[in-house]
Amino acid sequence: MADTSRDAAYVRQGMIGQRTPPVADRGAIRWLRENLFSSPLNAILTILGALAVWYMLSGLVPWLLRSVWDADSLAECRAIVQQRYGEGVTGACWAMVRARWHQYIFGFYPPALYWRPVLAFALMFFAIAPLLFADNRRARLILLSAVTVLGGGALFGVVYGVAPRLLGAPVESGWLPWALSAALIGLLGLAAFRPRAFLGFVALYPVIAYWLLWGGSVWGPVCVLLGFVLLALVYRLLSPHLGAAAGAGAAVVAAVVWWLALQGYVSGPLQAALPAALESVNSDRFGGFLLSITIGVTAIAGSLPLSILLALGRQSDMLIVKTLSVGFIEFIRGVPLITLLFTASLLLQYFLPPRTNFDIILRVIILVTLFAAAYLAEVIRGGLAALPRGQYEAADSLGLDYWRAQRLIIMPQALKISIPGIVSTFIGLFKDTTLVSLVGLLDPLRGVTSVVRADIAWKGIYWEPYILVGTLFFVICFGMSRYSMALERRLQTDHR
Amino acid sequence: MAMATEAPKDRFRLSMLVYDTRYRAVTIQVIVLVLVLMGLSWLFNNTVQNLALKDRDFNFGFLWNRAGYDIGQALIPYTNNDPHFRALLVGLVNTLVLAFFACLGATVLGVVAGVLRLSRNWLVARLMTVYVEVFRNIPLLLWILLTYVFLTETRPQPRDFRGEDPAATMWLDGSMVVTNRATNIPGPLFENGLGSVPALGLNVSLNFLAILAVVAASIWANRIVLWRARRIQEDTGRRPTTWWQSLLILFGPVTALLWALGFHLEYPELRGFNFAGGIALDHAFTAMFVALSIYTGAFIAEIVRAGIQAISRGQTEAAYALGLRPGWTTRLIILPQALRVIIPPLISQYLNITKNTSLGIAVGYLDLRGTLGGITLNQTGRELESMLLMMAIYLTISLIISAVINVYNSRIQLKER
Amino acid sequence: MTDTALAPASGMNVSDEVAIQITAMNKWYGSFHVLRDIDMTVNRGERIVICGPSGSGKSTLIRCINRLEEHQTGRIVVDGTELTSDLKNIDKVRSEVGMVFQHFNLFPHLTILENLTLAPIWVRKTPKREAEEVAMHYLRKVKIPEQAQKYPGQLSGGQQQRVAIARSLCMKPRIMLFDEPTSALDPEMIKEVLDTMIELAQEGMTMICVTHEMGFAQAVANRVIFMDQGQIVEQNEPRAFFNNPQSDRTKLFLSQILGH
C-alpha cells in the first residue's frame, strides 16, 4: 500500500491494468436492480407498467392472430372467423386491405396509368436527395440506389401485376417498366458521376412531376419552362443596365406576360404539329396517399420562396415590409387550417375574377401552400437567428449587396440549419392533409374509407381501415422525424 | 493640421432612390405598399363584382334572423327560435369549454408522461416513449374518429344494463356508465340551493358563484399563510410546517359551504330506455376531449422533457455540492429554470388545441365552426360574411394567447449582459 | 525563479489531523475501470494539486470525495465520516466540503446575493439577515461586493468564478475542492481567480485542486500528485516534482504542458 501521506515522495513502479467490476455490479441482475426495482416507488411503477402492457396486448394480439386475408366481404370474414375459432369471437379482416389497398394508395387514378405516380414518387427522392444529404455523398448514393431498385420493382409490379388484375386484361405498354428502370439507372449514374448535370434534373423535377401526374400535352409544361428561361434571359440582359432590382422586376413581368397571355398561343399549335402527350387525368381522380403526398410536397416546396421572403421581411428594419410580413404570418397561424380549406372551396370564387373556375385540388394546394409559407417563415426566422452575427458582418465587409449576401452566404447556411424544422413542419402538414376530406377530397382517412364502406361488401368495417391508414402514417412520419433528429444532432456538432 | 470639413452635398439624382441607403428603404417600401394596395384593390374589386353577379349583398343582418336548428349540447340556454347570433355564442362557448378541458387534460397527461420519460425505470421510460411517438406521428383526425367509433360502436346499449344478470355493468361502483348513446357521470344537486339569476341572457347559478368566491378567498388566504411562513423563515431560519394549515384553508371553507348548500351527487340510473340523472356527455364531446388530450399530451410530454433536460447537469451538481437535498434542488433550482423553457411552447400547444377543436365537425360536435361556419352558413347562404366573422373570432383568440406568451416571455427573461 | 514573496515554506500550517483518507478505492463506469486502487491521505491545512492528462480520472477522483460520483470498492473517510449510501453521511460531508466547478454553475435565475444565501438558508437554516451578512462578508473577500444585486449573466467569467468560490465559502466548509477552476476563463481573468485561491490557501484552508496552472502549484501546493489511467503515478513536493520527475509518464506530461 502506498504511503501517500504528507512529505512522502512516491513513484509508482508498475501500472495497474483494467479489472472487471465486482460481480454484484455486473450483468442482468444489476441491470434489473438499477433500472426496474431501484426503489419501492420504481417497483410499483414497473408492476403497473407491466400490467398495462399485458392488458393492451392481451386484447390486441389475439384479434390480430385471428386474421382473415382471403374473403370477399366483411360478412364472409366474420363467418370464416366463427368457423375457425368458435362462436362469439372476433378477428381482423385484412381481406379488405387486399381488395382495396390500391384505392388507399392511388384513389381513383386509372390503374393502367399507375406507373406514372410511381415514377413521379421515385423521381421525388432523386430530386430531394441533394438537399437531404448535402454533405454525405455515400448516404445519398445508397438512398438513391435503394430507390432505383425499389422503384423499378414497383414499376414492374404495377404494370405486370396490379393493373392487369384490376382491369382484367394485360396492359399494352409492357415495355414501359424496362424503359423506365433503365432511365432510373441512368439517373442514378448521373447523380453519381455528373452531380452538376444532375442538378439540372432537380430543377426540372417539378414540371416533370406535374406532367406525369396530370398528363396532357407535353408542350404545356415545356412552355412553362420556356417562361423560366425567358425570365433568366431578360434578367441577364437588362440587369447590367438597369440594376438588379429593376432587371428582376422586368424579368418577372416578361415571364408573367408569357405565362398568362402568350403561352396558350404557342402550345396549341405545337401540340397540333408535334403531338406528344400523356393521357390526361382529371384532378377528381386523385385520392389516397397519392393526394396527401402531392399536396404535402407541393405545399412545402412551393412555399419555400415565399417563406424566405416572409422571414426576411419579418426581420427587416423597414416598417411597412415588417408589418405586412408579421400581419400575414400571424393571420395564417391564428386561424385553423379548416377555415383556410373552406376558404379555398367556398370563398376563393369571390376573390378571383368572375367566372374563373379551377380545380378544387389546385385551390386547396394554393391555400395549403400559403399556410405552409407562414409556418416555414417562422422556422427560417429561427434559422436566421441561429446564424452567428459575424456572418452578416463578414458578408457586408466583403462588399456584397443585400441580395447577393443573402443568396451566397446567409440563406444557404440558414436553410441548412432550418432543415430539421422544415421536416417537422412537413410532418405536421402531412398529417393535416387528412383534413381535406372535409372539403370533399378523397384523403386516405375519411375519403377513401367512406368510399370503401359505401360498398355493400365492406359496409360496417371500421377498425381495419383506421389501423391501415394509421400504420402507414406512422411509418412515414416516424421515419421522417428520426431522420430529422439525426440531422439535428449532426448539425449541432458542426456548428459547435 | 487638416480641418474636418463637411461631407460634400450631392445633388439629388433619380438613381439615388435605388442606390443611396438613405432613400433606398423608403423606395422599396413605397413600391411594396403600392403593389400590395394594387393587389388588395383587385381582390376587392373581384369580390364586389362576384357579389353583384350572384345578386347578393354584404351585410351581417342575417345574424339576427331566427336560426331554426337545434344544438344537441348547448351549455347556455338555446332554442331553435333564437337568432343565429345566439347559435354563434353557443358554438363559441362549446369551443372554449372543450378547449379548456382539453388543455387541462393534455397538461396533466403531458407533465406526467414527460417526467416519467426521464425516469430511471427502464420500462416506464420506454412506455412513455412509445406513447409519445405513436400519438405524435398519427393524424389527430384519426384519433378522434377512432375514439368516436369506439364509443358508439363497441359500448353496450342502455338496455344491456337491465335485469338481474345484466350483460354489462356500470363503472366505479355504479356512478359512471358509458353506453353507445352517451357517457353518464354524476351531476351536482343542491338541496338548499340559492337558485339562479338571469343575467346576460344566461341563467347564472348563484351556487356556483358562491363556490367560486369561497375558493378564491381560500386561495388568497393560503397565500397569506405561505407569506407568513416565509417571513418567519427569513427571521429565524426555521420554516414552520404549513402543509396542514394549507390543506385546512384550501378545503375547509369549500366543504363547509357545500354541506350548507346540501350538496350531493345525482347518479345516473336506468329509467325507461336510457339512463337519466346526472350529466350526460355527448359522445362527440367525449371523443374530442379524449383525443385532443392524449394527442396534445404527447407533444407536451416532449416539451416538458426537453425543458427539464435543457437545464445543465452542472446546476444539479452545484446544488448537491452545497448540501441541498434533491427535493429542494428540484423546487428551488431546476423547476424555476425549466418552467422558463417550458411555458412558451406549452401555451403554443394550448393555441393548437383551440384551433383543433374545429375538427369537431368530423364527429358532429357543434363548436364555433359547426354553428357559424357550418349550419348557419349553409342555411343562410352567407358564405363570405360567416367565414370572415369566424376567422376574425379565431384570430382574436389566438392573438390574445400569443400576447400572453409575449408578456410572459418579456417578464421572465434572464438578465444578461 | 525560486521563492516568491508569497510562497510560505511548504509544510507550514499543516497539522497532523487527517482530513481525508482514501483507502484502496476503485470505481467503474459500467465495465470501464476509471479509478484504480487509489490510496490517498490529506491532512488538515494541506494544499494538494492533482494534474494529469485528460481522461486520467482526476475530476472523477475529487467528485467521489463529495459523493457526486459513487465508488464501488474501498473506503473514503472525510472528516471522520465514511462515505456510504447513507444519506445522512452524505449530507454531513457535503456541508463540510465546498466545490468550485470548471463552468461556475451559478444559478442564473437568482441574484448573486441569493446565490450565496440559498444554501445557508435552506441547509443550515440560517435566518435571512444573518445569511446576507455572511454573504456580503465573503463578497468583499473576493473583492466584488458591488455586484450583489446583479444576475450571473451580467458578470464576466472571472467574476462569476469568484462568486462561485464565495458561494462555497458561505457554507463555512473545512475542505475546498476545485475542479479545473480556471480552464474556462479568458487568460486575463485567470490571475484574479488564482489570487483568490492563493489568499484562501494562506489562511489555512485544506484544498484539493485539479488544475493545469503549474505556477499556482509551485506557489502554494504542499504536494503535487500526478495521475494517469486512473491511478496515482507520482507525487512529490512541488520543487522536486517539477525539477526532478521520476516516472517516464510524468516526464512526458510535464514536457507537454511546460514545453512552451
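The structure presented is a predicted model; accordingly, all values stated were derived computationally and were not measured.

Q: So what exactly am I meant to see when it comes to the overall build of chain B here?
A: Scanning chain B from N- to C-terminus turns up 12 helices and 9 strands. Relative to the globule expectation of 22 Å for 417 residues, the C-alpha radius of gyration of chain B, 29 Å, shows a markedly less compact shape. Projected onto its principal axes, the C-alpha positions of chain B cover 110 × 80 × 45 Å. Taken over 417 residues, chain B has a buried fraction of 43%. Long-range pairs, those at least 24 residues apart, make up 65% of the contacts in chain B between residues at least 6 apart in sequence. Accessible surface, chain B: about 22,800 Å² in total, of which carbon and sulfur atoms supply 65%.

Q: I would appreciate a short explanation of the overall build of chain C in the present structure.
A: Of regular secondary structure, chain C possesses 9 helices and 11 strands. Its C-alpha atoms give chain C a radius of gyration of 18 Å, within 12% of the compact-globule value 18 Å for 260 residues. A principal-axis box enclosing the C-alpha atoms of chain C has dimensions of 55 × 45 × 35 Å. Residue pairs at least 24 apart in sequence account for 68% of intrachain contacts in chain C once pairs closer than 6 positions are excluded. The averaged location of the 31 negative side-chain charges in chain C is 4 Å from the averaged location of its 28 positive side-chain charges.

Q: Hey, could you run me through the environment of Gln147(C) in this one?
A: Residues and elements named next belong to chain C. Tracing the chain through its elements places Gln147 in the loop between helix 4 (128-141) and helix 5 (157-169). Sequence separation between Gln147 and Ile112 is 35 residues, and the spatial gap between their C-alpha atoms is 7.0 Å. Within polar-contact distance, the side chain of Gln147 engages the side chain of Lys150 at 2.9 Å.

Q: I'm lost on the packing of helix 13 (residues 337-351) of chain A against helix 12 (residues 383-412) of chain B in this one. Help?
A: Two quantities define a packed helix pair, namely the angle between the helix axes and the distance between the axes. At a minimum axis separation of 10 Å, helix 13 of chain A and helix 12 of chain B run at an interaxial angle of 140°. Judged on the interaxial angle alone, helix 12 of chain B and helix 13 of chain A are oblique. The way helix 13 of chain A lies across helix 12 of chain B gives a crossing that is left-handed. Across the interface between the two elements, Thr339(A), Phe342(A), Thr343(A), Leu346(A), Leu347(A), Gln349(A), Tyr350(A) and Phe351(A) from helix 13 of chain A touch Glu383(B), Leu384(B), Met387(B), Met390(B), Met391(B) and Tyr394(B) from helix 12 of chain B. Taken together, the residues that form the contact of helix 13 of chain A with helix 12 of chain B break down as 10 nonpolar, 3 polar and 1 charged.

Q: Hey, could you run me through the interface of chain C and chain A in this one?
A: In many analyses, interface size is given as the accessible surface area lost on bringing the parts together. Listed as interface residues are 31 residues of chain C and, on the opposing side, 19 residues of chain A. Approximately 2,100 Å² of surface area, both sides summed, lies buried where chain C meets chain A, with 51% of it carried by carbon and sulfur atoms. For the pair chain C and chain A, the interface holds 1 salt bridge. Residues Asp37(C) and Arg19(A) are paired through a salt bridge, measuring 3.3 Å at the closest nitrogen-oxygen approach. Across the chain C-chain A interface, the total number found is 7 residue pairs in polar contact (both at pLDDT 80 or more). Within the residue set of the side of chain C that touches chain A, elements represented by two or more residues are strand 2 (18-29), strand 3 (32-43), strand 10 (223-228) and strand 11 (231-236) of chain C. Sort the elements by how many residues they give to the side of chain C that touches chain A and strand 3 of chain C lands first, with 8 residues.

Q: Would you mind going over the sheet that holds strand 5 (residues 73-78) of chain C with me for this structure?
A: Within a beta sheet, neighbouring strands are joined by backbone hydrogen bonds and run either parallel or antiparallel to one another. All names here are of chain C. The 4 strands are arranged 3-2-5-6 in an open sheet whose pairing can be described as antiparallel. The sheet terminates laterally at strand 3 and strand 6 (81-82), the two strands that pair on one side only. Pairing of strand 2 with strand 3, which is carried by 8 bridges, proceeds in the antiparallel orientation. The residue bridging Lys27 from the neighbouring strand is Leu35, located in strand 3. Packing against the sheet, helix 1 (residues 58-65) makes contact with strand 2, strand 3 and strand 5, and its axis sits at approximately 120° to strand 2.

Q: Teacher, can you tell me more about the interface of chain A and chain B here?
A: With 54 residues of chain A at the contact, the number on the chain B side is 58 residues. When the two sides are added together, the surface that chain A and chain B hide from each other amounts to roughly 5,200 Å², 72% of it contributed by carbon and sulfur. Across the contact surface, chain A and chain B share 1 salt bridge. The residue Glu133(B) makes a salt bridge to Arg482(A) at a minimum N-O spacing of 3.6 Å.

Q: For this particular structure, what's the right way to read the sheet that holds strand 4 (residues 47-51) of chain C?
A: Pairing within the open sheet is mixed, and its 7 strands lie in the order 1(A)-11(C)-10(C)-4(C)-9(C)-8(C)-7(C). Each edge of the open sheet carries a strand with a single partner, namely strand 1 (10-11) of chain A together with strand 7 (97-100) of chain C. Bridge count between strand 4 of chain C and strand 9 (residues 206-210) of chain C: 4 bridges; the pairing is parallel. Bridging from a neighbouring strand, Val49(C) pairs with Cys209(C) of strand 9 of chain C. Helix-sheet contacts for helix 2 (residues 87-96) of chain C involve strand 7 and strand 8 (175-179) of chain C, and the interaxial angle to strand 7 of chain C is about 65°.

Q: Help me out: how do you make sense of the environment of Val193(C) in this one?
A: Residues and elements named next belong to chain C. In this fold, Val193 is placed in helix 6 (residues 187-202). For Val193, a relative accessible area of 0% translates into the label buried. With 12 residues separating them along the chain, Val193 and Pro181 place their C-alpha atoms 8.1 Å apart. In this structure Val193 touches Gly158, Gln161, Arg162, Ile165, Thr182 and Leu185, once residues within four positions along its chain are discounted.

Q: Hey, could you run me through the confidence of the model for chain B in this one?
A: Detailed conclusions should not be drawn from predicted coordinates in areas where pLDDT is low. Mean pLDDT over chain B: 84, with 91% of residues reaching 70 or higher. Within chain B, the lowest mean pLDDT, 64, falls on helix 1 (residues 16-19) of chain B, and the highest, 93, falls on helix 9 (residues 313-321) of chain B.

Q: Is there a simple way to think about the side chain of Arg94(C) in this case?
A: Topologically, Arg94(C) is positioned in helix 2. At a separation of 3.1 Å, a polar atom in the side chain of Arg94(C) contacts the main-chain carbonyl oxygen of Asn66(C).

Q: Even after reading the chapter, I still don't get unusual backbone geometry, so can you show me in this structure?
A: Only a minority of non-glycine residues have a phi that is not negative, and only a minority of peptide bonds are not trans. If you check the backbone angles, Asp37(C) has positive phi at about 45° while not being a glycine. Residue Asp37(C) is classed as partly exposed on the basis of its relative accessible area of 25%.

Q: Teacher, can you tell me more about the packing of aromatic side chains here?
A: Any pair of aromatic rings gets described here by the distance separating the centres and the angle formed by the planes. Under the definition given, this model contains 31 aromatic pairs over all chains. Arranged with centres 6.3 Å apart and planes meeting at 70°, the rings of Trp63(A) and Trp94(A) form a pair that is edge-to-face. Note that Trp63(A) is positioned in helix 2 (residues 40-65) and Trp94(A) in the loop between helix 3 (74-85) and helix 4 (95-106), a separation of 31 residues in sequence. Each member of the pair Trp63(A) and Trp94(A) is classed as buried. For Arg333(A), the ring lying beneath its charged end belongs to Tyr375(A), and the centroid distance is 5.1 Å. Here Arg136(B) stacks its cationic end above the ring of Phe299(B), 5.9 Å away from the centre of that ring.

Cut-off values and rules
- Residues numbered from 1 in each chain as written.
- Chains lettered and ligands numbered in written order.
- Predicted model: local features only at pLDDT ≥ 70, side-chain atom pairs only at ≥ 80, totals over all residues.
- Heavy atoms only, no water.
- Helix = DSSP H or I, 4+ residues; strand = E, 2+ residues; numbered from the N terminus.
- Rg over C-alpha atoms; globule rule 2.2 N^0.38 Å.
- Buried < 20%, exposed > 50% of the residue type's maximum accessible area, 1.4 Å probe, protein only.
- Contact = heavy atoms within 4.5 Å.
- Areas by Shrake-Rupley, 256 points an atom, 1.4 Å probe, with all protein chains shown as cover.
- Lys, Arg positive; Asp, Glu negative; His and termini not counted.
- Charge placed at Lys NZ, Arg CZ, Asp CG, Glu CD.
- Polar contact = N/O pair within 3.5 Å; in protein donor to acceptor, adjacent residues only side chain to side chain.
- Axes fitted to C-alpha atoms, helices over the stretch in contact; angles between N-to-C directions.
- Parallel < 35°, antiparallel > 145°, perpendicular 65-115°, else oblique.
- Left-handed = near helix turned anticlockwise from the far one by under 90°.
- Nonpolar A, V, L, I, M, F, W, Y, C, P; charged D, E, K, R; others polar.
- Buried area = accessible area lost by both parts, 1.4 Å probe.
- Salt bridge = Lys/Arg side-chain N within 4 Å of Asp/Glu carboxyl O.
- Pairing = 2+ DSSP bridges.
- pLDDT = per-residue confidence, 0-100.
- Phe/Tyr/Trp six-rings, centres within 6.5 Å; stacked < 30°, edge-to-face > 60°.
- Lys NZ or Arg CZ within 6 Å of the ring centre and 35° of its normal.

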